[in-house]
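Structural features, examined
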Amino acid sequence: VHPKDAKLSMAYIYVAFAAFLTGAVAGVVQGLQRAGLIDLPAGINYYQVLTAHGVLLALVFTTYFIFAFLTAGMSKTLGAFPEKYRQAGWIGFYVLTLGTLLTAIMILLNEGTVLYTFYAPLQAHPLFYLGLTLFVVGTWIAGGALLAHYFNWKRENKGQLTPLFGFMTVATILLWYIATIGVAATVLLQLLPWSLGISERINVLLSRTLFWYFGHPLVYFWLMPAYMAWYVVIPKIIGGKLFSDALARLAFVLFLLLSIPVGFHHQLMEPGISPFWKYIQTVLTFAVVVPSLLTAFTIFATFELAGRAKGASGLFGWWKKLPWKDVRFFAPFIAMVMFIPAGAGGIINASHQMNAVVHNTLWVVGHFHLTVGTTVLLTFFGISYWLIPVLTGRRLTPAINRLGIIQSVLWVVGMFFMSGAMHVLGLLGAPRRTAFTTYQDHPTALAWLEGVFSSQVTMSIGGVILFIAALLMIYNVINLCFLAPKEHTEFPIGEVAEDASQTPPLLENWKLWVALAVALILFAYTIPLMDMIQNAPPGSPPVRPW
Ligand code: HAS
Ligand code: HEM
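What comes next concerns the included structure. A quick note: this is a predicted structure, and the numbers were derived from the prediction, not measured.

About the criteria used
- Residues numbered from 1 in each chain as written.
- Chains lettered and ligands numbered in written order.
- Predicted model: local features only at pLDDT ≥ 70, side-chain atom pairs only at ≥ 80, totals over all residues.
- Heavy atoms only, no water.
- Helix = DSSP H or I, 4+ residues; strand = E, 2+ residues; numbered from the N terminus.
- Rg over C-alpha atoms; globule rule 2.2 N^0.38 Å.
- Contact = heavy atoms within 4.5 Å.
- Lys, Arg positive; Asp, Glu negative; His and termini not counted.
- Charge placed at Lys NZ, Arg CZ, Asp CG, Glu CD.
- Near = heavy atom within 4 Å.
- Polar contact = N/O pair within 3.5 Å; in protein donor to acceptor, adjacent residues only side chain to side chain.
- Nonpolar A, V, L, I, M, F, W, Y, C, P; charged D, E, K, R; others polar.
- Donors = N, O, S within 2.8 Å, 3.2 Å for Na, K, Ca; no water.
- Tetrahedral: all angles 85-135°; square planar, octahedral: opposite > 155°, others 65-115°.
- Axes fitted to C-alpha atoms, helices over the stretch in contact; angles between N-to-C directions.
- Parallel < 35°, antiparallel > 145°, perpendicular 65-115°, else oblique.
- Left-handed = near helix turned anticlockwise from the far one by under 90°.
- Phe/Tyr/Trp six-rings, centres within 6.5 Å; stacked < 30°, edge-to-face > 60°.
- Lys NZ or Arg CZ within 6 Å of the ring centre and 35° of its normal.
- Core = buried A, V, L, I, M, F, W, Y, C linked by side-chain atoms within 4.5 Å.
- Buried < 20%, exposed > 50% of the residue type's maximum accessible area, 1.4 Å probe, protein only.
- Patch = residues over 30% accessible without salt bridge, like charges linked within 9 Å, V, L, I, M, F, W, Y side chains within 5 Å.
- Areas by Shrake-Rupley, 256 points an atom, 1.4 Å probe, with all protein chains shown as cover.
- Salt bridge = Lys/Arg side-chain N within 4 Å of Asp/Glu carboxyl O.
- Expected span 1.5 Å × (residues − 1).

**What about the overall build of the chain?**
- On a plain count of helices and strands, the chain comes out with 15 helices and 0 strands.
- Taking 2.2 N^0.38 as the reference for a compact globule, 546 residues should give roughly 24 Å; the C-alpha atoms of the chain span a radius of gyration of 23 Å, in line with that estimate.
- Taking the principal axes of the C-alpha coordinates as reference, the chain spans close to 65 × 50 × 45 Å.
- Across the chain, the fraction of contacts at a sequence separation of at least 24, relative to all contacts at a separation of at least 6, is 85%.
- Each charge class in the chain can be summarised by its mean position, and for the 29 positive and 19 negative side chains these summaries are 6 Å apart.

**Considering the site of ligand 2**
- For ligand 2, the set of nearby residues contains 27 residues, the closest of which are Arg-34, Tyr-46, His-53, His-369 and Arg-433.
- Contact between ligand 2 and Gln-30: a nitrogen atom at 3.3 Å from a side-chain N or O atom of the residue.
- Contributing elements (two or more residues each) for the shell around ligand 2: helix 1 (3-34), helix 2 (46-78), helix 12 (362-392), helix 13 (398-427) and helix 14 (456-483).
- Among the residues making up the shell around ligand 2, the classes are represented as 16 nonpolar, 8 polar and 3 charged.

**Focus on the coordination of the iron atom of ligand 2**
- At this site the iron atom of ligand 2 is bound by His-53 (NE2) and His-369 (NE2), with donor distances of 2.0 Å.
- Relative to the metal, the 6 donor atoms surrounding the iron atom of ligand 2 lie at angles of 86 to 179 degrees, and the coordination shape comes out octahedral. Of this pair, His-53 sits in helix 2 while His-369 is found in helix 12, placing the two residues 316 residues apart along the sequence.

**Here's the deal with the site of ligand 1**
- Contacts to ligand 1 come from 37 residues, most closely from Tyr-116, Tyr-220, Asn-355, His-359 and His-367.
- Contacts to ligand 1 include Tyr-116, whose side-chain N or O atom sits 2.7 Å from an oxygen atom.
- The contact in question runs from an oxygen atom of ligand 1 to an N or O atom on the side chain of Tyr-220, over 2.6 Å.
- Listed by contribution, the elements that provide at least two residues to the shell around ligand 1 are helix 6 (204-237), helix 9 (290-309), helix 10 (327-350) and helix 12.
- Of all the elements, helix 10 adds the most residues to the shell around ligand 1, at 10 residues.
- A class-by-class count of the residues in the shell around ligand 1 yields 25 nonpolar, 11 polar and 1 charged.

**Concerning the packing of helix 7 (residues 245-258) against helix 9**
- Look at helix 7 against helix 9: their axes get within 9 Å of each other, and the N-to-C directions meet at 160 degrees. In terms of axis orientation, helix 7 runs roughly antiparallel to helix 9. Taken as a pair, helix 7 and helix 9 cross one another with a handedness that is left-handed. Across the interface between the two elements, Leu-247, Leu-250, Ala-251, Leu-254 and Phe-255 of helix 7 pack against Val-290, Pro-291, Ser-292, Leu-294, Thr-295, Phe-297 and Thr-298 of helix 9.
- Grouping the constituent residues of the contact of helix 7 with helix 9 by class yields 9 nonpolar, 3 polar and no charged.

**What to know about the environment of Val-114**
- Relative to the helices and strands, Val-114 resides in the loop between helix 3 (83-108) and helix 4 (126-156).
- Along the sequence, Val-114 and Tyr-475 sit 361 residues apart, while their C-alpha atoms lie 32 Å from each other.

**Details of the packing of aromatic side chains**
- With the rule as written, the count across this model stands at 60 aromatic pairs.
- A connected cluster of aromatic rings, assembled from ring pairs, spans Phe-300, Phe-303, Phe-316, Trp-318, Trp-319, Trp-324, Phe-329 and Phe-333.
- The positively charged end of Arg-208 is found above the aromatic ring belonging to Tyr-119, 4.8 Å away from the centroid.

**Quick word on the side chain of Asn-349**
- One can find Asn-349 in helix 10.
- Contacts of Asn-349, omitting those with residues within four sequence positions, involve Leu-268, Asn-355, Val-358, Trp-363 and His-367.

**A short note on the nonpolar core**
- Among the nonpolar cores identified, the biggest contains 183 residues, and Phe-17, Phe-20, Phe-69, Phe-118, Tyr-231, Phe-252 and Phe-303 are the most heavily contacted of them.
- By residue number, the principal contributor to this core is helix 6, which donates 23 residues.
- In this structure, Phe-20 is in contact with Leu-57, Phe-61, Leu-377, Phe-381, Trp-411, Ala-470, Met-473 and Ile-474, ignoring residues within four places of it in sequence.

**Thoughts on a nonpolar patch on the surface**
- There is a patch of nonpolar side chains on the surface, built from Tyr-14, Ile-478, Phe-482 and Leu-483 and spanning about 410 Å² of accessible area.
- A total of 3 residues in the nonpolar patch trace back to one element, the largest contributor, which is helix 14.
- Take Tyr-14: it is sitting in helix 1.
- When its relative accessible area of 40% is taken as the criterion, Tyr-14 is described as partly exposed.

**Topic: helix 1**
- Between the first and last C-alpha of helix 1 there are 46 Å, a value that for 32 residues agrees with the 46 Å anticipated at 1.5 Å per step.
- Phi turns positive one or two residues past the end of helix 1, at Gly-36, with a value near 75 degrees.

**Brief notes about the coordination of the iron atom of ligand 1**
- Just one protein atom coordinates the iron atom of ligand 1, and that atom is His-367 (NE2), at 2.3 Å.
- By the secondary structure assignment, His-367 is in helix 12.

**Some remarks on the environment of Lys-84**
- Structurally, Lys-84 is set in helix 3.
- For Lys-84, a relative accessible area of 58% gives the class exposed.
- Residues Lys-84 and His-149, 65 residues apart in the sequence, show an inter-C-alpha distance of 9.9 Å.

Structure follows, in structure tokens:
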């Protein structure tokens, strides 16, 4: 990685982990508050902490970490950024950071207590929405620099297959561009004018729909960089080669095509959308499971090939050849294993009748603490253990490696209790997004929630274990940033197996994929959106429940 690119990448890393620490504090606090074990000091309310937690972890930490990883990886695989693109990258970083600060200040002042999904009728201060706008514009500029670097490389190396890392970065950023159109539309056309008092009422259904048009691809924007590490980096770390470059690219093209026209699976219980369009988007939701199944297959095959190349025999002999004591493998491996129940939970959510049982309950919170809060997060931690040393010119010492393994195990144990209890509580009907489920005034009202796993206390014990793991991670990050011994660390980029089939050039036809993605979106959204606008009810005035 060119030292100047490493500097930009590190700037993202610092903000990412500052947000992670603050978000983790908010997480443990709200877990304890929900269980009735602590009371928040006067002046701070549950929803304010919940908003800070969701925004800092799900929006800020993820976005900054992803840009750190993509910037460094592009510099490594396509060469140093040309100066003008690097400058654009910095401008993007500053705009993004200005937006983040503005949004965070508004949340601190209790003027942005609208949860991380921020759709109507909850209303925030106009500066909160301005902050969000700057956040999105910042990512557009920073993403533009990445795209420009890739297409520049493609022009200069006509006819060559682009490096897999660059290809996957482009798919991820294109997905982000198309998805953020929805959030830009609701913020600029609906929420900002409404919060400024220009319009008095707001079309709630439209605002929620535009949010979820963005909100679902958002989760794949988090997942795809984690998959990039699985496909591109893990083969190198385990001393093997990627089973198939073509399958990897196909999975990313499928994400680009299928992860946007599926937002209605978050709105299956929404009364204003016709069942036909919900059905269409549910079918597409089941289709977007396919690239994850392809990924599971390819990664398994890569593990097996690596083991056999090292002399493993028998059906599962290769298992013993995996580098279990290396945190750079161990953390992402746990992430993969945890994605199996996490993905199964997603499939349950997407099934209409099941969704009626789990929607708006703690089950859903359990689902996404497994997906983004474990699979994505532990993969990002696994990346940090080699990426930060690469960028700071330091070494992952055996002591930090050992602590890293302890940290990863603690995270899974904590999540087993927290997310496990959330799943059980949710099935029993405990709602999400409320601190009032202990019903202190009516001690017998929810006595049926007092089992071992159907207990908010179990949930918050899990939260405390997670918090300890989070502190350990921060300790490791500080070490890797400032204290570990100086030494050159190589950016691990895997190769493709020699006998893998040729990658068809069609896979790099971005115009075709973007056109197909747009066509699918128009098909899935045009009629329902027209219906929402034409048959709009009078709309809602602002709601401030806190
Ligand atoms: Fe989800 C709600 C459906 C994946 C995140 N999801 C959410 C929310 C978030 C979220 C944040 O249909 C809540 C938003 C809110 O605040 O309201 N989700 C799905 C489906 C999938 C899915 C079908 N979700 C994710 C991912 C996320 C994420 C990924 C973040 C990163 N989700 C839903 C639905 C809702 C929902 C409904 C709305 C619920 C409601 O009513 O509100 C699928 O993409 C999942 C596919 C995944 C798999 C697993 C493949 C396994 C792999 C691992 C291989 C392992 C290896 C190791 C190689 C099928 C790839 C092997 C080793 C061994 C030892 C075995
Ligand atoms: C919500 C705890 C880590 C993302 C929650 C809730 C709790 C919690 C108790 C609130 C449930 C409710 O009232 O509905 C924790 C703890 C963590 C942790 C103790 C570890 C220290 C994470 C991570 C992420 C994350 C790493 C994502 C990267 C979220 C989101 C929400 C949430 C998006 C929903 C906010 C909302 O409903 O508006 N968390 N969490 N959490 N958490 Fe976490």
